[in-house]
Amino acid sequence: MRNWNLNINSKVVQYKEEIRIKLKIFLAETDETSFHKLISSFIETYEAKESSFVAYFQSNYINRTKKWASCYKKKKAGVNTNMKLERWHRQIKYEEAGGTVMKRMDKTISLILKAIAKKLLSRIISIKRGKLTPRVALIRKRHKTSLEMGSEYGYIQCVKKHIVTKTQGESIFTYDIEEGDKTCQCTIRCEECYICIHSFSCSCVDYCVRFIICKHIHFIHKESSVGEISVETRREDLEHSNHNLVVDENYNEKHEIEKDAIVPTLHNVFH
């Protein structure tokens, strides 16, 4: 992006800000088809207006899009972020150490152990009283968003794959959704749709980076026959059950084992 900005300043005469925005869109686009359509539209639009920059862009970047475009990086290397690591680093540096530079090894180790102990204590509290995690809260939010998705969205249903399309102006964005493990009963789930995070996978940023059930999965589940079948199956299971809720019989036992493993660690740290 730095090289692009330098060449925009030196080669572009009139449409600097517009081209800068277009290039950022290229970098963020995760769908190959939409990416190539955006590139073609960009060249057609600015080839006559800003020929110098377009020539530079074509000679240096068009012939090697697989090296820099997100749509290719995601497919080959996977979308990867270090947000959780950065958050943990920030907590240790600023919340625990107060922003000071730690020079002594013994104090640093002690500080890290206390930070870990706080995490473990927080986990015990959440086991005891339950906790609405940010991920589950986001899943519920995406469910509500999917109910408001209008006519600009459409879908193509295949055997094991579904495609959600979004029309925005002259552009068409597509998101590939593949079916996964429908029998999984993990806790990262949408109770209204009766699906968990492993039931479907999507090519959007919400699923790939945040690892939540995105609005596209909710949309497919709502609109397609897959959703109707799974909801109906789930209802039949509930009708044949003697309980109103489906409960993991080993749920409490697993939490007790986890708590028993955490408590001695806390005892060693604080004493």
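Since the structure is predicted, the reported quantities are computational estimates derived from the model, not experimental observations. (Residues numbered from 1 in each chain as written. Predicted model: local features only at pLDDT ≥ 70, side-chain atom pairs only at ≥ 80, totals over all residues. Heavy atoms only, no water.)

A. Structural view of the overall build of the chain. Each helix and strand counted, the chain has 12 helices and six strands in total. Relative to its 271 residues, the chain shows a buried fraction of 33%. Long-range pairs, those at least 24 residues apart, make up 54% of the contacts in the chain between residues at least 6 apart in sequence. For the chain, the accessible area works out to roughly 18,100 Å², and carbon and sulfur atoms hold 52% of it. (Helix = DSSP H or I, 4+ residues; strand = E, 2+ residues; numbered from the N terminus. Buried < 20%, exposed > 50% of the residue type's maximum accessible area, 1.4 Å probe, protein only. Contact = heavy atoms within 4.5 Å. Areas by Shrake-Rupley, 256 points an atom, 1.4 Å probe, with all protein chains shown as cover.)

B. Spatial organisation of the environment of Ile62. Note that Ile62 resides in the loop between α4 (51-60) and α5 (70-77). Along the sequence, Ile62 and Ile39 sit 23 residues apart, while their C-alpha atoms lie 8.4 Å from each other. The contacts of Ile62, once residues within four sequence positions are left out, are Ile39, Ile43 and Phe57.

C. Structural view of the sheet that holds strand β1 (residues 153-157). Strand order in the open sheet made by the four strands is β1-β2-β3-β6, with antiparallel pairing throughout. One side of each edge strand has no neighbouring strand; the edge strands of this open sheet are β1 and β6 (200-202). Neighbour to neighbour, the strand axes of the sheet diverge by 25° on average, direction disregarded. One ladder, built from three bridges, connects strand β3 (residues 171-179) with β6; its direction is antiparallel. When the sheet's bridge partners are listed, Glu179 is paired in β6 with Phe200. Sitting on the sheet, helix α10 (residues 215-223) touches β1, β2 (161-168), β3 and β6, and the angle it makes with β1 is about 65°. (Pairing = 2+ DSSP bridges. Axes fitted to C-alpha atoms, helices over the stretch in contact; angles between N-to-C directions.)

D. Local environment of the pairing of β3. Inspection of the sheet shows β2 paired to β3 by eight bridges, in the antiparallel sense. Paired with His162 across the bridge in β3 is Ile177. In this structure, the hairpin formed by β2 and β3 is closed by a connection of two residues, where Gly169 is found at a positive phi of approximately 65°.

E. How the structure looks around the side chain of Glu50. Note on placement: Glu50 falls in the loop between α3 (32-46) and α4. Buried and unpaired, Glu50 has no salt bridge, with Lys49 as the nearest side chain of opposite charge at 8.7 Å. A polar contact is formed between the side chain of Glu50 and the backbone nitrogen of Gln14, at a distance of 2.9 Å. Not counting residues within four places of it along the chain, the set of residues in contact with Glu50 comprises Lys11, Val12, Val13, Gln14, Tyr15 and Ile19. (Lys, Arg positive; Asp, Glu negative; His and termini not counted. Salt bridge = Lys/Arg side-chain N within 4 Å of Asp/Glu carboxyl O. Polar contact = N/O pair within 3.5 Å; in protein donor to acceptor, adjacent residues only side chain to side chain.)

F. Main features of helix α1 (residues 2-11). Along α1, the residues classified as buried are Trp4, Asn7 and Ile8. Seen along its axis, α1 keeps its buried residues to an arc of 110°; they face one direction. Seen from the buried face of α1, the exposed residues on the opposite side, beyond 90 degrees, are Arg2, Leu6 and Ser10. Each element contacted by the buried residues of α1 is listed here: α2 (16-28) and α4. (Arc of directions from axis to C-beta.)

G. Focus on the nonpolar core. Val164, Ile177, Ile195, Cys202, Ile213 and Ile217 are the most contacted members of the largest nonpolar core, which has 25 residues in total. Of all the elements in the fold, those that place two or more residues in this core are β3, β5 (195-196), β6 and α10. Of all hydrophobic cores here, the second largest spans 22 residues; its members include Ile19, Tyr56, Phe57 and Tyr61. (Core = buried A, V, L, I, M, F, W, Y, C linked by side-chain atoms within 4.5 Å.)

H. Quick peek at a nonpolar patch on the surface. Side chains of Met105, Ile109, Ile112, Leu113 and Ile116 sit close together on the surface and give an oily, nonpolar patch of about 440 Å² of accessible area. Positionally, Met105 belongs in helix α7 (residues 105-129). Among the residues examined, Met105 registers a relative accessible area of 59% and is labelled exposed. (Patch = residues over 30% accessible without salt bridge, like charges linked within 9 Å, V, L, I, M, F, W, Y side chains within 5 Å.)

I. Fine view of the packing of aromatic side chains. Following the criterion strictly, the structure yields 19 aromatic pairs and no others. Judged by centre distance (6.5 Å) and plane angle (80°), the ring pair of Phe26 and Phe35 falls under edge-to-face. For the pair formed by Phe26 and Phe35, the shared burial category is buried. For the pair Phe26 and Phe57, a centre-to-centre distance of 6.2 Å together with 35° between the ring planes defines the contact as tilted. Of this pair, Phe26 sits in helix α2 while Phe57 sits in helix α4; the two residues are 31 residues apart in sequence, bridging distant segments of the chain. (Phe/Tyr/Trp six-rings, centres within 6.5 Å; stacked < 30°, edge-to-face > 60°.)

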